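Coordinate analysis (summary)
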Amino acid sequence: TRFALRVAALAAIVTAITAPASLFSQELTKIDADEAFAEGKALFDEGKYAEALDKFAVTLQIDRTNPEALLYKGLALNELEAYDSAIQVFKDALDINPNSALARNGRGEAYLELGQIDLARADFDAAGELDRSNPTILSNIGHLKVNYFGDFETGLRYLDDALAKNPDDARANRDKGLAHAQLDEHEAAMQALEAAAELEPGNYENYSAMASILLRQEDYEGAVNAFTRAIETYQPQGRTDPSTFIEGYLRRAQVRLVMGSEAMDDDPEASTAAYEAVIADANSVLEKYEDRYPELAG
């Protein structure tokens, strides 16, 4: 699990800091450092981030100023969600090479995960100045502009540039859909979100975003279907996340309330069915979170 990987990563960090010098051969050379880094990079590419950290620790024990080892150590820590440690490692990397766009971007991603948005923006902007063609950097800048600063038109330009270089960036497609939706360009928004869902069919955020757009168009049946897909595909990302998509149930229930009200005079059976579905959605949440949402009983 990601939690186990984080524990392993922290153990690797502590070992690298506290291990006595006798654990490392005094005869290790730059060749050994390069070999350890190559092994670590291969493990990183395989997604074995905790094991990669061990190799990077060996490299940095031999050559403490190896910029690539510091960069990839920070990237591995980001993958293991050890963001505070990653920020310090990226700082060390930038002390050696202030012009590393990848280190700036990596630190920006760590700041973003910690909710330090202004620091993230500063790093992403600096990375963009250093490398104007990296699709990950362009995607990160566009992500911030769309989701945190409401600059949808500028954000779209960055996202389009990112997708031109990496069309498989699902988040960039999702952000593009959100930006088009905010600009009331609903057809373009749905196209972008459908592309995101094709790339990441298991990501509930794609369907939740579609539901929001369909609601703006007062397509209530379509919104209910989209919320249903979101509920079905939801997977908690962190240990503190709820096991079910609570917001999806609540928003779907609200849509069904509107449907029940609108159908009350013309189609009483459809109205009753909508209201019964509201009760079912409320019960789905109350079964697991009765204390958190007492208002649902009403």
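Read on for an overview of the structure.

What counts and what doesn't
Residues numbered from 1 in each chain as written. Predicted model: local features only at pLDDT ≥ 70, side-chain atom pairs only at ≥ 80, totals over all residues. Heavy atoms only, no water. Helix = DSSP H or I, 4+ residues; strand = E, 2+ residues; numbered from the N terminus. Expected span 1.5 Å × (residues − 1). Buried < 20%, exposed > 50% of the residue type's maximum accessible area, 1.4 Å probe, protein only. Arc of directions from axis to C-beta. Axes fitted to C-alpha atoms, helices over the stretch in contact; angles between N-to-C directions. Parallel < 35°, antiparallel > 145°, perpendicular 65-115°, else oblique. Left-handed = near helix turned anticlockwise from the far one by under 90°. Contact = heavy atoms within 4.5 Å. Nonpolar A, V, L, I, M, F, W, Y, C, P; charged D, E, K, R; others polar.

The next subject is helix α3 (residues 49–62). For α3, built from 14 residues, the straight-helix expectation of 20 Å at 1.5 Å per residue is met to within 8% by its first-to-last C-alpha distance of 20 Å. Looking at α3, one finds that the buried residues are Tyr49, Ala50, Ala52, Leu53, Phe56, Ala57, Thr59 and Leu60. With its buried residues spanning 165 degrees around the axis, α3 presents them on a single face.

What follows concerns the packing of helix α6 (residues 101–113) against helix α7 (residues 117–130). Here α6 crosses α7 at 160 degrees, and the two axes come no closer than 8 Å. With respect to α7, the axis of α6 lies roughly antiparallel. Both α6 and α7 take part in a crossing whose hand is left-handed. Residues Ala101, Arg104, Asn105, Arg107, Gly108, Glu109, Tyr111 and Leu112 of α6 form the contact with α7, whose own contacting residues are Ile117, Leu119, Ala120, Asp123, Phe124, Ala126, Ala127 and Leu130. Taken together, the residues that form the contact of α6 with α7 break down as 10 nonpolar, two polar and four charged.

Residues lying three or four places apart along an α-helix face the same way, a consequence of the helix completing one turn every 3.6 residues. End to end, helix α15 (residues 268–289) covers 31 Å across 22 residues, agreeing with the expected 32 Å (1.5 Å per residue, within 8%). Where α15 is concerned, the buried positions are Ser271, Ala274, Ala277, Val278, Asp281, Ala282, Val285, Leu286 and Tyr289. Against the buried residues of α15 lie α14 (246–263).

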